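# Per-entry structural report
Chain residues, written in single-letter form:
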Amino acid sequence: MALPLALRPRALALLIETDPVAKTRGVAALADAWRAGACTLDPAAVLDPGAAAIPGRPARPALVSPRLVGRRSMTTPEGRAMLVHALAHIEFNAVNLALDAVWRFPGMPPDYYADWLRVAAEEAHHFTLLAAHLDMLGWAYGDFPGHDSLWEMVAKTSGDVLARMALVPRTMEARGLDAIPPLRAKLAQAGDDAAAHILDVLLRDEVGHVEIGNRWYVHLCAQRGLEPVATYDTLTVQYKAPVLKGPFNVEARRRAGFTDAELARLAGDALQA
């Protein structure tokens, strides 16, 4: 009889894994084991990754400055492949950030770890869909360069789960809620209906991921006696988070847990920009 998997150490092992296929399949298997009750959870454990590189990722794609990633013209097959590759790269990083949220922060409620395992599994599914579509277009993950902006914020917030919840899901990932609809429209206009349908899946799931970040951010603020909006403003300055620019997907953000006051303030900032 197989021994139960220890959830947080297994998440760390998958984070360190460099092969995208092994990583995504491993995440799916871990999520299945968790749902089947075949995992143990020790929230108090303080884990040590040792000398392992975090995150584990393949030798390609090359990581470059965002401005050097290249323009993506929807009028050419290569341009559409570049866009699908950029989305796959984001989703691969999102798998890693969710695994990092599971292993890194001890002392959270069990539901926190279950939530972030769910995010990791859904991001792994997104990556698999996009990588398969990229293959259908004649390219593979790693054929184009990528940038590391998302993981840079993950690394910056590695010392504080409150900052992580504030600045990764509800800031960096929430930008995807705004970006996906116009990208979907471009792909559909270019005749790539399969890619457009994949983006429908991404948007549906990303609303839930941002909601998880919002919920745990509010939970942590309440636990520490902090006012969420003022604390968020402080954290954005402290960690040099990117300035949010519209247009904003207000309906998706509302479903993801942003308050009317926050949405009104975003609208006001967009008008002033």
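Use the structure listed above.
Report follows, based on the coordinates. These numbers come from a predicted model, not from an experiment. (Residues numbered from 1 in each chain as written. Predicted model: local features only at pLDDT ≥ 70, side-chain atom pairs only at ≥ 80, totals over all residues. Heavy atoms only, no water.)

### Section: the side chain of D192
With respect to the helices and strands, D192 occurs in the loop between α6 (161-189) and α7 (193-224). Within the buried set, D192 has no salt-bridge partner at all; the shortest N-O distance to an opposite charge, 4.6 Å, is to R80. Among all residues touching D192, those that are not within four sequence positions of it are R80, H133, L137 and L187. (Helix = DSSP H or I, 4+ residues; strand = E, 2+ residues; numbered from the N terminus. Buried < 20%, exposed > 50% of the residue type's maximum accessible area, 1.4 Å probe, protein only. Lys, Arg positive; Asp, Glu negative; His and termini not counted. Salt bridge = Lys/Arg side-chain N within 4 Å of Asp/Glu carboxyl O. Contact = heavy atoms within 4.5 Å.)

### With respect to the side chain of D148
By the element assignment, D148 lies in the loop between α4 (110-137) and α5 (149-156). The class of D148 is buried, set by a relative accessible area of 14%. Setting aside its immediate chain neighbours within four residues, D148 contacts R57, L63, V64 and N93.

### Focus on the pattern of salt bridges
Considering all chains together, one arrives at 17 salt bridges under this definition. A salt bridge links R164 to D100; the shortest N-O distance between them is 2.9 Å. With R164 in helix α6 and D100 in helix α3 (residues 77-104), this pair connects stretches of sequence that are 64 residues apart. D100 matches R164 in its accessibility class, with the two residues each being buried. Among the salt bridges present, the one from D260 reaches R254, with a minimum N-O distance of 3.4 Å.

### Some remarks on the packing of α5 against α6
It is at 9 Å that the axes of α5 and α6 come closest, and there the two elements cross at 165°. The angle between α5 and α6 falls in the class roughly antiparallel. Note that α5 runs across α6; the crossing there is left-handed. Residue-level inspection shows S149, L150, M153 and V154 of α5 in contact with α6, the latter providing R164, L167, V168 and M172. (Axes fitted to C-alpha atoms, helices over the stretch in contact; angles between N-to-C directions. Parallel < 35°, antiparallel > 145°, perpendicular 65-115°, else oblique. Left-handed = near helix turned anticlockwise from the far one by under 90°.)

### Thoughts on α6
For α6, built from 29 residues, the straight-helix expectation of 42 Å at 1.5 Å per residue is met to within 8% by its first-to-last C-alpha distance of 41 Å. The largest bend in α6 amounts to roughly 40° and is located at A179, with the proline P181 lying one to four residues further along. Within two residues after α6, G191 carries a phi angle of roughly 90°, on the positive side. (Expected span 1.5 Å × (residues − 1). Bend = angle between axes of the 7 residues up to and from the residue.)

### A few points about the packing of helix α1 (residues 7-16) against α3
For any two helices packed against each other, the geometry comes down to the angle between their axes and how far apart the axes lie. At their nearest, the axes of α1 and α3 sit 8 Å apart, and the two run at 145° to each other. Like other packed secondary-structure pairs, α1 and α3 cross with a definite hand, here left-handed. Facing α1, whose interface residues are L7, R8, A11, L12, L14 and L15, α3 presents N96, L99, D100, V102, W103 and R104. A breakdown of the residues in the contact of α1 with α3 according to their chemical character gives 8 nonpolar, 1 polar and 3 charged. (Nonpolar A, V, L, I, M, F, W, Y, C, P; charged D, E, K, R; others polar.)

### Considering the nonpolar core
One finds Y112 and W116 to be the most contacted residues of the largest nonpolar core, which totals 49 residues. Secondary structure elements with two or more residues in this core: α1, α2 (20-35), α3, α4, α5, α6, α7 and α8 (228-238). Leave out the neighbours within four places in its chain, and Y112 touches A101, F105, V161, M165 and W216. Listed in part, the 31 residues of the second largest apolar core include L134, F144, F258 and L266. (Core = buried A, V, L, I, M, F, W, Y, C linked by side-chain atoms within 4.5 Å.)

### Overview of the packing of aromatic side chains
Here the structure, examined in full by the defined rule, presents 6 aromatic pairs. Centroid distance F92 to F127: 5.5 Å. Interplanar angle 50°. Geometry classified as tilted. Note that F92 is positioned in helix α3 and F127 in helix α4, a separation of 35 residues in sequence. Among the residues examined, F92 registers a relative accessible area of 1% and is labelled buried. (Phe/Tyr/Trp six-rings, centres within 6.5 Å; stacked < 30°, edge-to-face > 60°.)

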